[in-house]
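# Architecture and fold: a report
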Amino acid sequence: MSSGTKYYLSCYLSPPDTIESFSIRHDHAIALWEHSARTIKLRRYWEMERISGQKHHLWPLYSTGRVERVLADLLAEEGLTLDDISMTWGTPGLPRYREIVVPEGAEEYPMHSLSHLFSGLLMDTRIFKAEKIVALAVDGGPDRVLDKSKKQFRYAGCVSDKGVVRYIPVDSPGNLYSECRNVFGKEEGTLMALASATRTAIEYDVESAVTGIDLSGVHRRPSEDSAAFVRDVVAAAERQIDPASVADGFSFEENLQSAVMKCVQRACELIMERNIVRLCAMGGVDPEDCYLSISGGYALNCPSNSWILERFGFKDLLTPPCPDDSGQALGLGLLGLFGEGALKESEFKLFHAYHGSVIPHVEEESVDGADWVESVTPFDPEVFLGDLANGPVAWVDGASEIGPRALGNRSLIADPRTMESKDLLNRYKRRQWWRPVAPMVMEEFFEDWFETSQKSPFMLKAVQVRSVVAKRVPAILHEDGSARFQTVGRDSNPSLHSALAVFHEATGVPVLCNTSLNDKGEPIVDSADDAITFCARRGVEVAYINGRRVAVRADVDGMLEPSARRASYFTGQAAVRDEIWDEWIAAGTSVAGLYMRANAPGLRGFDRSERSVRYINRLAAIQGRQEHFGRAVKKFEEMFGPGSDFGLGVRWEL
């Protein structure tokens, strides 16, 4: 470690060796920070799902020894040890753990919501210190691991004026998407895409309905109003849509869901509009003089982001590439640095998204002799163009991007000039034929191709493709002529920019199709082996890995399993888990009480004494009168109780 340089870890994990290891945290991640002179850098960012292979990773490391082993191995990749770490934030029980100082005025907000909020507020500290920012943290709901007591508010909004921050609670429209996921059994991203996949629509007075919706969580559970609204819209769609006149290629159910999601999307935009009007009034600011920051899972709603930017005229969007819970480690680190005063004199900027795992040189060399590899040759522009003409190719380069969307370093890329590219990409990923694919565009040409003057390096905006060029890139178009675009800069990603330049020089089109390099139900690939395994399994003939062309043989017999990744870190913990679980059950705690104790801040002070257990069980029995509580307890036991196993695949619904 160089003289004067300090290192920190911010970890979004389940606390080991305690009942809180059963707390509901998903999308676990670890961030390594480097502080030298007056500069703070995000040195590395590890998303645990990329390491384990468990989508939306939620499996705990139940013992401190397990956590320290994982941290030691990851730090070794950076030439560091745990002894080099000055402090850690975000997960109690870790070496040199330090509680995060809660910002003044934010005491009644969950730490989870504040972490989301500050992941956007502080992603460029020069802007934070010199400009005005209107910020919202809007997601499904907070975990309670770091809260000492029950908080008055659920979702945090604020106005920052040159670093002076004022907070007010906001409504989270993410609850509407969560309810639709529960009703339709589809992921939020799929539902968002389905909304614009057809022209099927219904008549419904969304504006009037939204006036009575309260999604703040202050007065009642947000699920109550969101469930009532979605039920009403679904009923209206069932009355109005004729099964005999649905859009070609779509089922009746898909047409109905598309119509419903159009109403839901409009409701979400109106709720965000209401939030922003209140925030601007509270802060006494004009949005045209402000930056907009949206964080939490709802920030992945690109059409909503762009609608808000245009509706209010904000300067630009301050949202990290990992705005959902996969970015909690980022926000916790920035909160920790802010609370320690490290950002008063030092600067931080999230310049690009490429902070994930790096393909080491030894792994790159092993590609040459790997199974399923036919040949490895240097990058050749003419060969690259020929490969794109034959179909999509895998592009794997350097450090992986952070967040749920591929931004070019773990991607499938293709020629946007033919619809066959879209069809092949969807086939390789085993998803619906109508799913759109995103365009990546050379930064210097984006205004010529898209109707916007704002860059989009993290693929968080959806805008219209200019009509004069739209026919040249049919594979990237949504039904309404828009696209969820990503700008690629020469400085932020030189390798990818060069590949785009090769295609542009040959075709006059500075755009390529881009979708994430992962199979259905698995996280984006992390390593070269992951990428080659995917290509062999799905029949992708060529992968470009760190600038070299790798020809891949297809697994014609269909025997190849998905890459195992490093799941061993998380398996074999049954004895430790069962010991923690059984100690509480043996004391008389009901499973419902165990769920309450693990996730309710107000119960943290209660031990396993007879009196405490009796009180916890009584509270759980009262909560058990509510249907949603019973479902939550059942899923809790399925995920964490004796007999559960790593990779179970049960997704927690907040």
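Each remark here, short or long, concerns the structure printed above.
Residues numbered from 1 in each chain as written. Predicted model: local features only at pLDDT ≥ 70, side-chain atom pairs only at ≥ 80, totals over all residues. Heavy atoms only, no water.

## Some details on the pairing of strand S8 (residues 290-295)
Quick reminder of the rule: Buried, partly exposed and exposed residues are distinguished by accessible area as a fraction of the type maximum, computed with a 1.4 Å probe on protein chains only: under 20%, between the cut-offs, and over 50%, respectively. Helix and strand assignments follow DSSP, with helices taken as H or I runs no shorter than four residues and strands as E runs no shorter than two, numbered in order from the N terminus. Note: two strands are recorded as paired if DSSP finds a minimum of 2 bridges between them.
For S8, a buried count of six out of six residues is recorded, marking the element as mostly surrounded by other parts of the structure. Of the two faces of S8, the one lined by Cys290, Leu292 and Ile294 and the one lined by Tyr291, Ser293 and Ser295 are each fully buried. Two elements, strand S5 (residues 132-137) and S8, share six bridges in a ladder whose sense is parallel. Note on S8: the bridge partner recorded for Val134 is Leu292.

## So, the sheet that holds strand S7 (residues 164-169)
Sheet strands pair via backbone hydrogen bonds, and the direction of the pair is either parallel or antiparallel. Applied cut-off: Fitted lines through C-alpha atoms serve as axes, helices being fitted only where they are in contact, and the angles separating the N-to-C directions of these axes extend from 0 to 180 degrees.
Spatially, the four strands line up as an open sheet ordered S7-S6-S5-S8, and their pairing is mixed. The open sheet is flanked by S7 and S8, the only strands paired with a single partner. Direction aside, the axes of adjacent strands within the sheet are offset by 15 degrees on average. Here strand S6 (residues 156-161) pairs with S7 via six bridges, running antiparallel. In the strand pairing of S7, Val159 is matched with Arg166.

## Section: helix H10 (residues 302-312)
An α-helical segment advances 3.6 residues per turn. Residues three or four places apart therefore align on the same side. Here is the rule we go by: Contacts are assigned to residue pairs with any non-hydrogen atoms lying within 4.5 Å of each other. N or O atoms closer than or at 3.5 Å make up a polar contact, with two conditions inside protein: a donor-capable atom paired with an acceptor-capable one, and, for residues adjacent in sequence, both atoms drawn from side chains.
Taken together, the buried positions of H10 are occupied by Cys302, Ser304, Asn305, Ser306, Ile308, Leu309 and Phe312. Buried residues along H10 sit against helix H6 (188-195), helix H9 (252-283), S8, strand S13 (461-464) and strand S14 (482-488). If you check the start of H10, you find a side-chain oxygen 3.1 Å away from the backbone N of Ser304, and it comes from Asn301. Residue Gly313 follows H10 closely and has a positive phi angle near 75 degrees.

## Comments concerning the pattern of salt bridges
The condition that has to hold: Salt bridge, as applied in this entry: a Lys or Arg side-chain nitrogen positioned within 4 Å of an Asp or Glu carboxyl oxygen.
All chains considered together, the criterion is met by 32 salt bridges. In this structure, Arg25 engages Asp143 in a salt bridge whose closest nitrogen and oxygen atoms are separated by 3.5 Å. Here Arg25 is found in the loop between strand S1 (6-12) and strand S2 (29-36), whereas its partner Asp143 is found in the loop between S5 and S6, with 118 residues between them in sequence. Asp143 matches Arg25 in its accessibility class, with the two residues each being buried. A salt bridge links Arg98 to Glu340, with the shortest nitrogen-to-oxygen separation between them at 3.2 Å. One end of the pair, Arg98, is in the loop between strand S4 (85-89) and helix H3 (111-121); the other, Glu340, is in the loop between helix H11 (328-339) and helix H12 (361-366), with 242 residues separating them in the sequence. Taking the relative accessible area as the measure of exposure, Glu340 reaches 34% and is therefore partly exposed.

## Here's the deal with the sheet that holds S1
An order of S3-S2-S1-S4 is seen for the four strands of this open sheet, with the pairing classed as mixed. At either end of the open sheet lies a strand with only one pairing partner, and these are strand S3 (39-47) and S4. Shown here is a sheet whose adjacent strand axes are inclined to one another by a mean of 20 degrees, direction ignored. Pairing between S1 and S4: four bridges, direction parallel. By the bridge assignment for S4, Ser10 is matched with Trp89.

## Details of the packing of helix H19 (residues 574-586) against helix H20 (residues 591-599)
This is how it is decided: Take the far helix as the reference: if the near one is turned anticlockwise from it by less than a right angle, the crossing is left-handed, and if turned clockwise, right-handed. Under this grouping Gly is polar, as are all residues other than the nonpolar Ala, Val, Leu, Ile, Met, Phe, Trp, Tyr, Cys and Pro and the charged Asp, Glu, Lys and Arg.
Interhelical geometry of H19 versus H20 gives an angle of 115 degrees and a closest axis separation of 10 Å. Seen from above, H19 lies across H20 with right-handed handedness. Side by side, H19 and H20 meet where Trp581, Trp584 and Ile585 of the first sit next to Val591, Leu594 and Arg597 of the second. Class assignment of the residues belonging to the contact of H19 with H20 gives a composition of five nonpolar, no polar and one charged.

## Side note on H6
Across the eight residues that make up H6, a large majority, seven, are buried. Buried residues of H6: Glu188, Thr190, Leu191, Met192, Ala193, Leu194 and Ala195, and no others. At its buried positions, H6 is contacted by helix H5 (174-184), H9 and H10.

## Re the packing of H6 against H9
Helix-helix packing is described using two parameters, namely the angle between the two axes and the distance between the axes. Going by this rule: Small angles under 35 degrees read as roughly parallel and large ones over 145 as roughly antiparallel, with 65 to 115 read as roughly perpendicular and the rest as oblique.
Closest axis-to-axis distance for the H6/H9 pair is 8 Å, and the angle between their directions is 90 degrees. Our classification of the angle between H6 and H9 gives roughly perpendicular. Counting all contacts with H6, which are made through Leu191, Leu194 and Ala195, the residues of H9 involved are Glu254, Gln257, Ser258, Met261 and Lys262. Of the residues in the contact of H6 with H9, the class split is four nonpolar, two polar and two charged.

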